[in-house]
Amino acid sequence: MTTRRLYAWGANSYSQLGLDKQSEYELPTEVKINIQDIKKICGGARHTIILDGSGDLHIAGKSEFSTTGYEGTFKRLELNKKFKDVVCGFDMTAAFTDDNKLLVWGNNRNNQLGCPNMSVIKEPMELSLPDNETPIDIQFGLKHTAILTMSRHIFIVGLLKHFKNDKNASYKIVEHNSIEWLQLIPNVIITENDITHFVCGQNHISYVIDRHVIYAHGDNKFGQCSHIETSEKIMKFESAWTHNGYLTESNSLFLYGRNNYGQLGTGNKNLNEIITPQKCSIFPVNDFALGAEHGILKSGLDIYTWGWNEHRNCGHDIDDDIIEPKLLHLCSQISEIVSVIAGAGFCMVLLETCDK
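So, here's what we can say about the structure. (Residues numbered from 1 in each chain as written. Predicted model: local features only at pLDDT ≥ 70, side-chain atom pairs only at ≥ 80, totals over all residues. Heavy atoms only, no water.)

Moving on: the overall build of the protein chain. Helix and strand counts for the protein chain come out as 1 helix and 29 strands. Relative to its length of 356 residues, the protein chain is compact, with a C-alpha radius of gyration of 19 Å against a globular reference of 21 Å. Its C-alpha atoms give the protein chain principal-axis dimensions of about 60 × 45 × 35 Å. Within the span of the protein chain, comprising 356 residues, buried residues form 58% of the whole. For the protein chain, the proportion of contacts with a sequence separation of at least 24, taken over those separated by at least 6, is 47%. For the protein chain, the exposed area adds up to about 15,300 Å²; of that, 43% sits on carbon and sulfur atoms. Averaged over its 33 positive side-chain charges, the protein chain has a centre that lies 2 Å from the centre of its 43 negative ones. (Helix = DSSP H or I, 4+ residues; strand = E, 2+ residues; numbered from the N terminus. Rg over C-alpha atoms; globule rule 2.2 N^0.38 Å. Buried < 20%, exposed > 50% of the residue type's maximum accessible area, 1.4 Å probe, protein only. Contact = heavy atoms within 4.5 Å. Areas by Shrake-Rupley, 256 points an atom, 1.4 Å probe, with all protein chains shown as cover. Lys, Arg positive; Asp, Glu negative; His and termini not counted. Charge placed at Lys NZ, Arg CZ, Asp CG, Glu CD.)

Right under this line is the structure:
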């Protein structure tokens, strides 16, 4: 018989770990939850949301729906809707309903949720796109939002200066809902099944074409917008604040971009930026996730973390950053690691244990 368990650690000033306290957790701690059939766990900076198999959302941390401003433990949102996906930004949230509507709420100070004259959207609002296009994916940067539509157009709304200053990208300015949007004009023709991954960093966006070619636009101060072609298929792609990572079909993890906190895991943070993707020393890698400036991976039944460790977001109770992947002990009798999750300054692991 197996039991599912959720462990969490790191930044917790708003109780975003669901541990009913507002203090950092230096070491992995089990989160007591009563949520059946967890489908997805998504971490922002000050909140975490769980999507269950029934289509309900459960939130811990800073919440627009709470009279106290935050939820100490995971609480089901009473939205009278069922959902099939959820995405967390730093302080924004988006969720697709089961009838394909895209709802957004949270910080809107830069109009990043597509609605003018509202600094915070407290009630889930359906996102309206130019020309009534149909969204199929949404990703958040720090102050911008990128949306991929069914017609394979990419729209960006919010703080746009990093994209306007990108001389290697072409955009069309679109006025919609009294807000300026940018519509990306890619250098390649994008057809229905071409974009296999679509992500945002702090001030950039990246997308993968046909699992082999990476395009990126926006701030490229640390090489995070490098154009990359891989010989192997890319099975997963993630962007952090200023670095990126991808997992190939042979279970190799590659990282590139900024490295000031050792977030590329190379064992040396003196190189502030690395443009050429560096292969992770841990092999094989079965899954990984990137926080703002740290990372977590699973290799078999082992968990490794690395990078920025100010809030003990790497789960190691030491003062220094972790400049190369370091093995993390969670608990004994692990039978399966279901998923690894990284918020801006924290980590979570959903696993199964064998009960004697």
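By the definition in use, this model includes 16 salt bridges. Notably, a salt bridge pairs Lys 40 with Asp 85, separated by 2.9 Å at the nearest N-O pair. With Lys 40 in strand S3 (residues 38-43) and Asp 85 in strand S7 (residues 83-88), the pair connects residues that are 45 residues apart, well separated along the chain. Here Lys 40 falls in the partly exposed class, since its relative accessible area comes to 29%. Between Asp 287 and Lys 236 there is a salt bridge whose closest N-O contact spans 2.8 Å. Placement of Asp 287 in strand S24 (residues 287-290) and of Lys 236 in strand S20 (residues 234-239) is noted, with a sequence separation of 51 residues between them. Salt bridges sharing common partners tie together Asp 56, Arg 76, Glu 78 and Lys 82. (Salt bridge = Lys/Arg side-chain N within 4 Å of Asp/Glu carboxyl O.)

The computed volume of the largest pocket comes to approximately 1,100 Å³. Around the largest pocket sit 44 residues that line it, and Lys 40, Cys 42, Val 87, Gln 139 and Glu 238 are the ones nearest its centre. Counting residues per element, the lining of the largest pocket draws most heavily on S3, which supplies 6 residues. (1 Å grid on protein atoms, 1.4 Å probe; cavity = no way out; pocket = protein on both sides within 12 Å on 5 of 7 lines; lining within 4 Å. Points joined across faces, edges and corners; volume = space filled by probe spheres on them.)

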